[in-house]
Structure formats: C-alpha cells, structure tokens
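Here are the chains, one letter per residue:
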Amino acid sequence: MKAGRKTVTMDTLLRDLRFALRSLRRSPGLVAVATLSLALGIAVNVTLFAAVDIMLLRPLPFPDPDRLVHLWSTNPSRGWDQTSISMADFVDWRRQSRTLTLAAYRGSSFNLSDDTEAPMRAVGARVGPDFFRILGATVALGRGFSPEEEQPGRDAVAVISDRFWRERFEADPGIIGRTIRLDGQAVAVVGVMEPAFTFPENTIDLWTPMTVIEESRDSRYLRVVGRLQPGATLASAQAELSGIARTLEASYPGSNTGMGVQVMRLHDEVVEPEARQAGTICLVAVFFVLLIACANVANLLLARGAARSRELSVRAALGAGRHRLVRELLTESLVLASLGCVLGVAGSIWGLDLFRSIMPSDFPRVDQLALDGRILVYAVMVSGLAGLVFGTAPALQVTSGGLTGALAEAGGRGGSTGLKHRRLRTAFVVGEVALAQVLLISAGLMLKGAWRMQTEPTGFDARQVLAFGLTLGSREFPDSTEVTLLQETLLGKLRALPGVTVASGMSQLPLTGGNGAYYTVEGAPPPREGERPVTQHRGVFPGFTTALGIGLTRGRDLTESDRTGSSPVMLVNETFARRHWPEGDPVGQRIVMADITWEIVGVVADVREFGTDDPAPPIVYYPALQRPVRAPQFVIRTSGDPVPLAGPVREAVGSIAPGLPVYSLRTLEEHVRLASQGPKIMPKLLGSFGAMALVLALIGVYGVMAYTVTQRERELGIRRVLGAGQRQISWLVLGHGLRLAAIGAGVGLVIALGVTRGLSTFLLGVSAFDPVIFTTVSLALVGAALCASVVPARRAMTVDPGVALRAE
C-alpha cells in the first residue's frame, strides 16, 4: 500500500513537471527574463558564499586547527595592542611554557640563483624547527628541519613550496639535495612541501631555518605560533604566558616594563574581525540582490497568473482543486529556479575569476577559491528557496478567492482579484526600490570614502616616478664600503639615462609600513623605564626629497657630503618636530638613536607611511652614505613616461652587479595603487551589487508600469474619448511610477539610516549619515525609475479610443 502511494505521488510530480514545461514553453519571453534575473541573483550569491566560505568560514587546513594559536606581545600603556616578539622573549616563552609547543617565524625574501633560470627575488620565511610539526604540515618530498639547524652555521638548508618546485624546477624529482644560492650562500634543498601548505603567505616560495642568536630584547621582529598541549585550553595558556611575561618584566624592567602576551586562535589571526564583518555585509548585500530578483520574477508570475485567470477558472470549474493548482504553479516556479541555478552557477565561475582579480594576492586562501561540492549544494538550496519565495505568493494570490467567481470576472473588468494582484505587484516593486536604495546608499558612502582616501594628500608626488628594489646581502657584499660605492655608481648611471631628472633611493617606500627604533632627545629629562619614545626611521640617499616631491619646510636637505667620516646628521618630519619642539626650532637639536648622536639639520613635510587613511607617524631620515642600507628602493623621477626606462634600468644594474635580481620594478603610481587596494575592495563589491540591484529594480518598475498600461487600456481609451490629452495620459502613468519610486525610496531611506551605522569601519572618514549621498542617491533612484516609466507612458499615449470602446 505504501509503495502504491509512492508510485502515485511520483507519477503526479512527473505529470506536474511535464505540464509546467509545456506551459512555460508558451511564454518564452517570461522564461528568458525570469531566468536571467534569477541567474544574476544566484551567481553573485554563489560567488560571495564561495569566497566567504573558503576565506572566513572553513577551518584552517591543518590537523586539529582549533588547537592552533598565535601569540603577540602587548603593551597597553604604550598603545601596543599587538606587536612583534623579541628573540630573547620567545626563547624564554618556549622554555617555560607547559601548555603550548611554540615556534617562531618571520617573513623574509632572498636573492635566489641556480642553474635553471635568471636570478630572482624569492618570497620566503625563516621558521623554527618545530614550525611544520606544530602546524601539522606534511613534507611531500624529503624532510623538514631538525633542531640542530637553528644553530648559526648549520642553517644552510631550505624547504621549497610545491608551486615553486613546479614553476621554477619543473617538478624535478631529483630536487632533494640540489644546491641553490640564497643571498650568495650555497643552500641545499632538503624538502618540498605538500601542495596545500602555503603558510604564512599564499605567494611563499621557500622556508629556511631561523637561527637563535643573542640580541637585545628591544629588537622585536618575530611572530609566534603554537599548539595547545593535551588538556590545555586557550584560557590556561593565556594565564600561563601572562605569568611568564610578568616574570620577565620583573627581571628585565628596561625592556619589558608593561609588556604582556596575547594568545589567540590562529584562525582569528588569519581571519581578522574586519574581514569577517566585511564578509557578513557582502552576504547581506547579495541576499538583497537575490530578493530583488525574486520580486521581479514574482511580478512576472503574477502578471502571467492574471492573464491565465480564465484558464484557471475553467479548470477549477471542471474539478481541479486549489491545492493541485497551487502545486502546478509552484512546479513552474521551481523549473524557473532550476534554470536560473544552472545559469547562475555558470556565471559564478566567471564571478570567481573576477573576485580573485580584485583581491590582494596575499589575502588568506584566495588562491584556493573555486567551486566544489559544498558550494554546489549551497547553490541548489538557494535556488530552491528562491523558487519557493517568488512562487508561493503569486500561486496563492492567483488561486485565492472563488475561482469560479474569477471566471465571471475574467469576462468582465477584473474586479477584486485584479485589485489584489495590483496591490501585491505594487508592494513587490516598492520593496525592490527600497532594497536597491539601501545598497546604493551604502555603496555611495563607501565610494565617497575611497575617493576621499585616493585624493587625500600622501605627502609625496607619485607621478612620473619609476621605483625598483635591489638587495645587496652581507654574504655577497660583506664590505659595507663596497656596498656604498656600488650604490653610488648605480645612481650615477641612472641619473645619466635619457629623460631622468633625479635619481635617489631609500630603505623603504612610503605606504609600506615601517621600522621603529628607540631614541632619546639630548638634553631632555631621561624617560622612565618602559616609556622610551619610538620613531620610524629611513635611510635615504641625497635627492630623495626631490625624487619623491617631499617638501623641505625648514633647514637644509641631505647632501653628498653627508657620508662616512662626517658628523652624523638627519632630517625629521613635522610630526616628529611637533612631538618634541611644538613651539621651538628642531634644527640644531640632537637625538641619540642606535647608540649614535645625530644632529637634526632639516625638517620635511609629513608622508603617509601606513596607508592613505592613517596619519603620518613621527619619522627620521638618516643618510644612507653614513649608515649603509643593504636593501634600498631606488626612485627615478623622469620628464616623461617612466615605463620605457624599465629596460635601461635593468641594463644599468646588470652592468655593475650582474646576477643581482631587480624586483618590484613599477611606477610609483602603481605602487600606491597596490598599497591602497585593500580598503577599496568593499566599495568595489558594494558598488557592483548596488548597480545590479538598480538594474533589477528598474526592470521591476518597467514591468509593473507596462502591465498597468495593458490592464488599463479600456480606462485610458475612455479618458481619451472624454477629452483627456496625450500629455495628461502620459503623466497619469508617469505619476504612478513616480509614486512607486518615491514610496520605495522613502522606505529605503529609513532602512539605510539603520544599516549604515554598521558600516562605519569601512567608510574611511565619511559620515554614516552623509546628507549629500543620501539625497543624491534618492534623487537618482527616483529619476531612474521615472525613466523606466517613459516607455509604458508613451505606449499609453497611443491607445486607440475606438478599439477601447469596441472592447467595452
């Protein structure tokens, strides 16, 4: 008996499916518009969910990822929420901790040369011997590092990434034991990592052992990962490390006063709270887009249902129950949803490629972004839910009331059933406009913030400047005098290139973070323990202010005479000057940094070092001819387009330092674009979603107005007969569209006032209630909706009164 009922049920479902396909075949226009609307909504949802899932939701690709932690040093009294860790502190943590197994690491890069290709700059990391074991990473070929290899002199080994092995060495299985040169040192390749392991960066090429050396506890440059021991918890590890930090503070007050430890889940370190918030906002935004698409399809189905009212009424009169009619109509909706799902998934493949192209290459796991079974299941679920959402209301509305009574109405003027349809369609359109308004206002605020950030003065002029890096390692060039001579020779060759107006260099380009150092002001009261001031510092070559367009506001610039053997001098920026001499003149004052007493000879304008949305930090500039810089970034200002100089620059370097790779060779404008691309991601995404929402909403407005004109042809004809002119008829339709848009915009404004409060993190200095954006978006949306009503209005003007009267 149960099997029989199941067979009947399956037969009924198959019959409904065949009926739905035959019915939809008679409406190819509706199928095309509905499917494309759904495909757009489903594609952006699948794309964003795939991105959020792989980068934010899934656990890290390590065994027992919940037991992995990341450690930072802290000093709340100095405003250091998270700062790097000194080697001495790490060694004490590792030796004393009983709740954690710890390993230190730090990012690095190397001049790499071998017998296969031209020298290159390789992205790497120096890691402790327990690094791979703690993370649970598997070495696919060879081995990892042994404890002995963290000792100085025994670290001439490397493990390379699977990607680098395939790209650089063509997946040579004989790579183990092969010698490569890193910064001039012969290094043996001892292992190749599994393909999935790329920590700490997606673009990493290789890992080398980190040697443990004795140095000042003030030298903070390490990061530390750990794995909780069996039975240990995050809370117990935090309590233990905090106790160790207090012990170190008491033992070393000069360096460790106020220093604490933060223990956090590694997942929370990789996926920052701001990224999680951005992912949530984007998911809500694409859900809005899908809702608008569903409202459009629901409107189409309502219009189709109204046109089929006679058919449905006849079938009801012949005995078809309401449940059967609703089931058949929902089957049609699910068929449309299935078509939208197929096209949407296909569109999401392109969407994922586009998403990868706008994301920074070092964003967590962006290289693993792809469709998989989990994402396809999500696509099917979203499509099925969408089919029920946009199909249920029209199905219930079309079959509501007395269907046999609707048969009588079908032969008359429409009556109450038509009025209900119009009200529901109007509600859908108002909702579409409101949701589009919210997305457009949110996108407008973010775009204004991104534009403000882009136009915010950076303190330097990036136009017509070419920049590149060159590293002269201590093994390849042990004599610092030779380093300075080579750099000066190179600068001379660069200055002689055609079109070059000035060539200089510095230890680090603006907008790329910085390096801090403790210092004291000569003659000032000595700071208390743990309160020594810190400043950013840069080594620079003569002419760097002219090359970068940085203004000199006081004193003199650095010159060729400021070199080894002359009195140590430096420049400071205005922020540094205001910190110590708000009313006085810093020129002639002296500071002690790195055990050297420096005289301040000039003050330069502030430069943004940590991003265009961050204020300029205090910074000092010392002559690279007095204290050599081994990894300078050279900058060349030209009288025209700097790009054609890329080839001559490589030739100039090759003529004096053959075998050294030139890296990061790009215009300074490109450097600024890359350095500031992170804050622009959210405006780009929300702007795209807002544009999609606007198009879908306008389609909805157009559909409602066009259907309204069709339904009111008789009324419009009678008005023409009674003396109404074409302009009056036109404004009758346009006024209706304008009312719908105005109501939707008003509802959207109210919602946006609440939503934009949650966007403050991403607004980059723009008020969440910016009146210009709110007003501009509202007027633009209403104007666009008015334009969408023009074609139906023109059609209303052409209604033939005679035809309408004959129909009457």
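These numbers come from a predicted model, not from an experiment. (Residues numbered from 1 in each chain as written. Predicted model: local features only at pLDDT ≥ 70, side-chain atom pairs only at ≥ 80, totals over all residues. Heavy atoms only, no water.)

Chemist: So what's going on with the overall build of the chain? Residues and values would help.
Modeler: From N to C terminus, the chain includes 25 helices and 23 strands. With respect to the principal axes defined by its C-alpha atoms, the chain has extents near 105 × 70 × 55 Å. Each of the 808 residues in the chain was classed as buried or not, and the buried ones make up 51%. Excluding contacts between residues fewer than 6 apart, the proportion of contacts in the chain whose partners are at least 24 apart in sequence is 82%. Surface exposure of the chain reaches about 35,400 Å², of which carbon and sulfur atoms provide 58%. The chain carries 81 positive and 72 negative side-chain charges, and their two centres are separated by 14 Å. (Helix = DSSP H or I, 4+ residues; strand = E, 2+ residues; numbered from the N terminus. Buried < 20%, exposed > 50% of the residue type's maximum accessible area, 1.4 Å probe, protein only. Contact = heavy atoms within 4.5 Å. Areas by Shrake-Rupley, 256 points an atom, 1.4 Å probe, with all protein chains shown as cover. Lys, Arg positive; Asp, Glu negative; His and termini not counted. Charge placed at Lys NZ, Arg CZ, Asp CG, Glu CD.)

Chemist: Let's hear about the pattern of salt bridges: which residues, and what values?
Modeler: Counting across every chain of the model gives 31 salt bridges. Between Arg217 and Asp89 there is a salt bridge, with its nearest N and O atoms 2.6 Å apart. Taken together, the residues span a long stretch of sequence, with Arg217 in the loop between strand 10 (206-209) and strand 11 (220-228) and Asp89 in helix 3 (residues 87-96) at a distance of 128 residues. The same class applies to Arg217 and to Asp89, which are both buried. The residue Glu560 makes a salt bridge to Arg495 at a minimum N-O spacing of 3.8 Å. (Salt bridge = Lys/Arg side-chain N within 4 Å of Asp/Glu carboxyl O.)

Chemist: If you had to explain the side chain of Ser97 to someone new, which residues and values would you point to?
Modeler: Inspection of the secondary structure assignment puts Ser97 in the loop between helix 3 and strand 4 (100-113). Within polar-contact distance, the side chain of Ser97 engages the backbone nitrogen of Leu100 at 3.2 Å. Within the structure, the side chain of Ser97 is placed 2.8 Å from the side chain of Glu240, a separation counted as a polar contact. Residues within four places of Ser97 in sequence aside, it is in contact with Glu240, Leu241 and Ile244. (Polar contact = N/O pair within 3.5 Å; in protein donor to acceptor, adjacent residues only side chain to side chain.)

Chemist: Break down the environment of Gly473 for me, with residues and values.
Modeler: Take Gly473: it is sitting in the loop between strand 13 (465-469) and helix 15 (480-495). Along the primary structure Gly473 and Leu660 are separated by 187 residues, whereas in three dimensions their C-alpha atoms are 10.0 Å apart.

Chemist: Quick one: what's the story with the packing of helix 3 against helix 6 (residues 234-251), residue by residue and with numbers?
Modeler: It is at 10 Å that the axes of helix 3 and helix 6 come closest, and there the two elements cross at 130°. Between helix 3 and helix 6, the angle is such that the two are oblique. Read as a crossing pair, helix 3 and helix 6 show a hand that is right-handed. Where helix 3 abuts helix 6, its residues Asp89, Asp92, Trp93 and Gln96 lie against Glu240, Leu241, Ile244 and Leu248. Considered class by class, the residues forming the contact of helix 3 with helix 6 number 4 nonpolar, 1 polar and 3 charged. (Axes fitted to C-alpha atoms, helices over the stretch in contact; angles between N-to-C directions. Parallel < 35°, antiparallel > 145°, perpendicular 65-115°, else oblique. Left-handed = near helix turned anticlockwise from the far one by under 90°. Nonpolar A, V, L, I, M, F, W, Y, C, P; charged D, E, K, R; others polar.)

Chemist: Give a detailed account of the nonpolar core, specifying residues and quantitative values.
Modeler: In terms of nonpolar packing, the biggest core is built from 100 residues, with Met55, Leu336, Phe390 and Phe689 touching the most fellow members. Look past the residues within four positions of Phe390 in its chain and what remains in contact with it is Leu38, Cys294, Val297, Ala298, Leu301, Ser333, Leu336 and Ala337. Grouped together as the second largest cluster of nonpolar side chains are 41 residues, Leu466, Phe468, Leu470 and Tyr622 included. (Core = buried A, V, L, I, M, F, W, Y, C linked by side-chain atoms within 4.5 Å.)

Chemist: Could you give an account of the confidence of the model for the chain, with specific residues and numbers?
Modeler: This prediction gives the chain a mean pLDDT of 85; 91% of its residues lie at or above 70. In this model, residues 402-415 is a region of pLDDT below 50 whose contacts with residues beyond four sequence positions or in other chains number 19 contacts. (pLDDT = per-residue confidence, 0-100.)

Chemist: So, helix 23 (residues 771-788): which residues are in play, and what are the values?
Modeler: Taking 1.5 Å as the rise per residue, helix 23 with 18 residues should run 26 Å; its terminal C-alpha atoms sit 26 Å apart, in good agreement. Within the span of helix 23, buried status applies to Ile773, Phe774, Val777, Ser778, Leu781, Val782, Ala784, Ala785 and Ala788. All buried residues of helix 23 fall inside an arc of 160° around its axis, so they share one side. Exposed side chains of helix 23 directed beyond 90 degrees from the buried face belong to Pro771, Leu779 and Cys787. (Expected span 1.5 Å × (residues − 1). Arc of directions from axis to C-beta.)

Chemist: So, the packing of aromatic side chains: which residues are in play, and what are the values?
Modeler: By the definition in use, this model includes 19 aromatic pairs. Ring centres of Phe131 and Phe197 lie 6.3 Å apart, and the angle between their planes is 75°; this geometry places the pair in the edge-to-face category. Residue Phe131 is found in helix 4 (residues 131-135), and its partner Phe197 is found in the loop between strand 9 (185-193) and strand 10; the two are separated by 66 residues along the sequence. Like Phe131, the residue Phe197 is buried in the burial classification. Three or more aromatic residues link up through ring pairs in this structure, and these residues are Phe62, Tyr105, Phe131, Phe132, Phe145, Phe197, Phe199 and Trp207. Above the ring of Tyr252, the side-chain terminus of Arg217 is found at 3.8 Å from the ring centroid. (Phe/Tyr/Trp six-rings, centres within 6.5 Å; stacked < 30°, edge-to-face > 60°. Lys NZ or Arg CZ within 6 Å of the ring centre and 35° of its normal.)

Chemist: Would you mind going over the environment of Leu490 in detail, with residue names and values included?
Modeler: Structurally, Leu490 is set in helix 15. Relative accessible area serves as the criterion here: at 0%, Leu490 is assigned to the buried category. With 121 residues separating them in the primary sequence, Leu490 and Gly611 have C-alpha atoms 30 Å apart.

Chemist: Pulling in residues and values, what's your account of a positive patch on the surface?
Modeler: Residues Arg15, Arg18, Arg22, Arg25 and Arg26 make up a contiguous surface patch of positive charge. Here Arg26 shows up in the loop between helix 1 (2-25) and helix 2 (28-57). (Patch = residues over 30% accessible without salt bridge, like charges linked within 9 Å, V, L, I, M, F, W, Y side chains within 5 Å.)

Chemist: Pulling in residues and values, what's your account of a nonpolar patch on the surface?
Modeler: A grouping of Ile743, Val747, Ile751 and Val755 is seen on the molecular surface, where their side chains present a nonpolar patch of about 290 Å² in accessible area. Mapping Val755 onto the fold places it in helix 22 (residues 726-755).

Chemist: Please give an account of the pairing of strand 7 (residues 157-160) that cites residues and values.
Modeler: Of the two faces of strand 7, the one lined by Val157 and Val159 and the one lined by Ala158 and Ile160 are each fully buried. Relative to strand 9, strand 7 runs parallel, the two being bridged by 4 bridges. If you follow Ala158 over to strand 9, its bridge partner there is Val189. Alignment of strand 7 against strand 10, held across 2 bridges, turns out to be antiparallel. Within strand 10, the position partnered with Val159 by the bridge is Trp207. (Pairing = 2+ DSSP bridges.)

Chemist: Which residues make up unusual backbone geometry, and what values do they have?
Modeler: Following Phe199, the chain continues to Pro200 via a peptide bond in cis, the omega torsion being 10°. In this fold, Pro200 is placed in the loop between strand 9 and strand 10. One non-glycine residue with positive phi stands out, namely Glu170, at about 55°. Structurally, Glu170 can be placed in the loop between helix 5 (162-169) and strand 8 (179-182). Taking the relative accessible area as the measure of exposure, Glu170 reaches 71% and is therefore exposed.

Chemist: Just give me the short version of helix 24 (residues 790-797), but keep the residues and values in it.
Modeler: Along helix 24, the residues classified as buried are Pro792, Ala793 and Ala796. Here the buried residues of helix 24 occupy an arc of 100° about the axis, which is enough to place them on one side.

Chemist: Could you give an account of the pairing of strand 9, with specific residues and numbers?
Modeler: Every other side chain in a regular strand lies on the same face of the sheet, so the side chains alternate between the two faces. Of all 9 residues that make up strand 9, 7 are buried, and the element is covered over most of its length. Across 3 bridges, the pairing between strand 6 (residues 139-142) and strand 9 is antiparallel. By the bridge assignment, Leu141 is partnered in strand 9 with Val192. Connecting strand 8 to the next strand, strand 9, in antiparallel fashion are 2 residues, including Asp183 with a positive phi near 50°.

Chemist: Requested: an account of the environment of Gly444, with residues and values cited.
Modeler: Inspection of the secondary structure assignment puts Gly444 in helix 14 (residues 415-455). Sequence separation between Gly444 and Glu432 is 12 residues; the distance between their C-alpha atoms is 18 Å.

Chemist: An account of the packing of helix 22 against helix 24 is needed here, citing residue identities and associated values.
Modeler: Their axes nearest at 8 Å, the elements helix 22 and helix 24 cross at an angle of 145°. For the pair helix 22 and helix 24, the sense of crossing is right-handed. When helix 22 is examined against helix 24, the residues Gln726, Ile729, Ser730, Val733 and Leu734 are found in contact with a partner set consisting of Val790, Pro792, Ala793, Ala796 and Met797. When grouped by side-chain class, the residues that make up the contact of helix 22 with helix 24 number 8 nonpolar, 2 polar and no charged.

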